[in-house]
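Chain residues, written in single-letter form:
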Amino acid sequence: MFAATRQSSRLARSFSTSARANTRVAVLGAAGGIGQPLSLLLKLNPLVSHLSLYDIRLAAGVAADVGHCNTPSTCVGYGPENDGLKKALEGAEIIIIPAGMPRKPGMTRDDLFNANASIVRDLAQAAAEVAPKARIGIIANPVNSTVPIVAEVFKKAGVYDPKRLFGVTTLDIVRASAFLSGIAGTEPKDTNVPVVVGHSGPTIVPLLSQLPAGKKVVEQGGETLAALVKRIQYGGDEVVKAKDGAGSATLSMAYAGADFTDSLLRAMKGEKGVTLCTYVESPLYKDQGVEFFSSPVELSSEGTVAKIHPVGDLHPTEQKLLEACLPDLKKNIAAGVKFMSA
Ligand code: NAI
């Protein structure tokens, strides 16, 4: 079972246990639309012992506010003054990065490259220096390119470990579960749709055929299938349009980001077999020049990549979607690498 769809029941359960809190988490971009609710959700997670919230603005206020929630973890905010970024990263075992510009109507995620590439690069440089062993989850878009940028930064610093770097694609899995269960009348928590390849338009490939409710929709084909796949791929646009220029998905992304982080935390606490779809350096399509790819990834007891599972059985329509988008993904990855070699 994939992680995202179990979030609500698991969170409810975990709040009522006395699970040992022992992991220090840093959120970079903590005062943003995603960063604030994500920080709140992480403050509620009993597996977090300390939260460092960094942003170029308002982080102290967010930390003061979130810090009043009466959960055992401590919470400190840092701005850029007085070496705040380095202080925020000291001792961090998990670093989540939602810093960067969100989309406005009409923009693709790739349109964010110019604004966000340097933000992510600079934050990654600090992480490579201060907390090179931390597990890093990248939310900032375009994820298909920002993850390779972080890899290049870590390689340059001589501290790259591909098992510790993740692109957060969890929102695609959350959306696929919500939208399919809405059509099929299934329980969202039991409607676990693997979503593979990447995190941008056509590179978001839901494998609906791999669960009974989705298989029915795939076999029926036609308009219902086409509309469902499109909605999963472009669900982000739905939010961008509805917010009418005020940003992109923040609350559902915070939920997804908290679920992603919870997967790492549970694996680090000793839960076996924690598996989630996430965008990592992957051997699966390397022979086609694609070095990063999202597929089900099993975590080690260190909260790092233990096993990269293949995509599994595909319906011919899914095979077609997957093959068609690999050149796009390849370009996205190359853009990240090129940015770092310039
Ligand atoms: P936002 O504009 O509300 O917040 C971004 C925050 O980053 C701001 O508080 C800003 O001050 C901060 N920031 C900017 N430069 C920084 C720096 N150098 N260091 C630290 N903080 C810095 O944007 P929002 O809505 O929170 O989105 C953040 C990113 O997440 C965007 O790139 C967006 O496209 C992406 N995103 C990713 C999703 C995914 O599924 N992976 C889903 C939705 C959004």
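Residues numbered from 1 in each chain as written. Predicted model: local features only at pLDDT ≥ 70, side-chain atom pairs only at ≥ 80, totals over all residues.

- As annotated in an unreviewed UniProt entry, the chain carries the name Malate dehydrogenase and comes from Rhodotorula toruloides.
- Under the UniProt heading Catalytic activity (unreviewed entry), the note attached to the chain is "(S)-malate + NAD(+) = oxaloacetate + NADH + H(+)". (UniProt positions renumbered as here; feature names shortened; annotations may be inferred.)

**Observations concerning the site of the ligand**
In step 1: Around the ligand, the surrounding shell holds 34 residues, and the nearest of these are Gly29, Gly32, Gly33, Ile34 and Asn141.
In step 2: A class-by-class count of the residues in the shell around the ligand yields 19 nonpolar, 11 polar and four charged.
In step 3: Two domains each donate at least three residues to the shell around the ligand, and these are domain 1 (14–167) and domain 2 (170–337). (Near = placed C-beta within 6 Å. Nonpolar A, V, L, I, M, F, W, Y, C, P; charged D, E, K, R; others polar. Domains from an automatic or database assignment.)

**Considering the nonpolar core**
In step 1: Residues Val27, Leu53, Ile95, Ile97, Val120, Ile138 and Val150 are the most contacted members of the largest nonpolar core, which totals 99 residues.
In step 2: With 10 residues, the top contributor of residues to this core is helix 10 (residues 251–269).
In step 3: Residue assignment places this core across two domains, with domain 1 (14–167) and domain 2 (170–337) each supplying three or more.
In step 4: With near-sequence residues (within four places) excluded, isoleucine 138 lies in contact with Ile97, Val120, Val143, Thr146, Val147, Val150, Phe166, Gly167 and Val168. (Core = buried A, V, L, I, M, F, W, Y, C linked by C-beta atoms within 7 Å. Buried ≥ 20, exposed ≤ 12 C-beta atoms within 10 Å, placed from the backbone. Helix = DSSP H or I, 4+ residues; strand = E, 2+ residues; numbered from the N terminus. Contact = placed C-beta atoms within 7 Å.)

**Section: the environment of glutamate 291**
In step 1: Along the chain, glutamate 291 falls in the loop between strand 9 (275–281) and strand 10 (292–299).
In step 2: A sequence separation of 156 residues divides glutamate 291 from arginine 135, and the C-alpha atoms of the two residues are 19 Å apart.
In step 3: For glutamate 291, the residues in contact, after removing those within four places along its chain, are Glu281, Lys286 and Ile333.

**Details of the packing of helix 5 (residues 113–130) against helix 6 (residues 143–156)**
In step 1: One can describe the packing of helix 5 onto helix 6 by two numbers: an axis separation of 9 Å at closest approach and a directional angle of 35°. Once helix 5 is placed against helix 6, the crossing between them reads as right-handed. On helix 6, the residues that touch Phe113, Asn116, Ala117, Val120, Arg121, Ala124, Gln125 and Ala128 of helix 5 are Ser145, Thr146, Ile149, Val150, Val153 and Phe154.
In step 2: Counted by class, the contact of helix 5 with helix 6 contains nine nonpolar, four polar and one charged residues. (Axes fitted to C-alpha atoms, helices over the stretch in contact; angles between N-to-C directions. Left-handed = near helix turned anticlockwise from the far one by under 90°.)

**Some points on the UniProt feature "active site" (unreviewed entry) in the chain**
In step 1: Residues given the UniProt feature "active site" (unreviewed entry) here are His199.
In step 2: Tracing the backbone shows histidine 199 in the loop between strand 7 (195–197) and strand 8 (204–206).
In step 3: A tally of 28 C-beta atoms within 10 Å means that histidine 199 is categorised as buried.
In step 4: Apart from residues lying up to four places away in sequence, histidine 199 is in contact with Val143, Asn144, Gly167, Thr169, Asp172, Ile204 and Tyr279.

**A look at the environment of threonine 169**
In step 1: Residue placement: threonine 169 occurs in the loop between strand 6 (165–167) and helix 7 (170–184).
In step 2: Spatially, the C-alpha atom of threonine 169 lies 8.3 Å from that of valine 195, the residues being 26 residues apart in sequence.
In step 3: Setting aside its immediate chain neighbours within four residues, threonine 169 contacts Val143, Val195, His199, Cys277, Thr278, Tyr279 and Ser294.

**A look at the domain arrangement of the chain**
In step 1: Taken domain by domain, the chain holds domain 1 (14–167) and domain 2 (170–337).
In step 2: Between the C-alpha centres of domain 1 and domain 2 there is a distance of 21 Å.
In step 3: Among the secondary structure elements, those contributing two or more residues to the side of domain 1 that touches domain 2 are strand 1 (23–28), helix 2 (35–43), strand 4 (94–97), strand 5 (135–138), helix 6 and strand 6.
In step 4: When residues of the side of domain 1 that touches domain 2 are assigned to their parent elements, the largest contribution, nine residues, is made by helix 6.

**Topic: helix 10**
In step 1: With 19 residues, helix 10 should cover 27 Å at 1.5 Å per step; its first-to-last C-alpha distance of 26 Å lies within 8% of that length.
In step 2: Burial runs high along helix 10: 16 of the 19 residues are buried.
In step 3: Downstream of helix 10 by one or two residues, glycine 270 has phi in the positive range, about 115°. (Expected span 1.5 Å × (residues − 1).)

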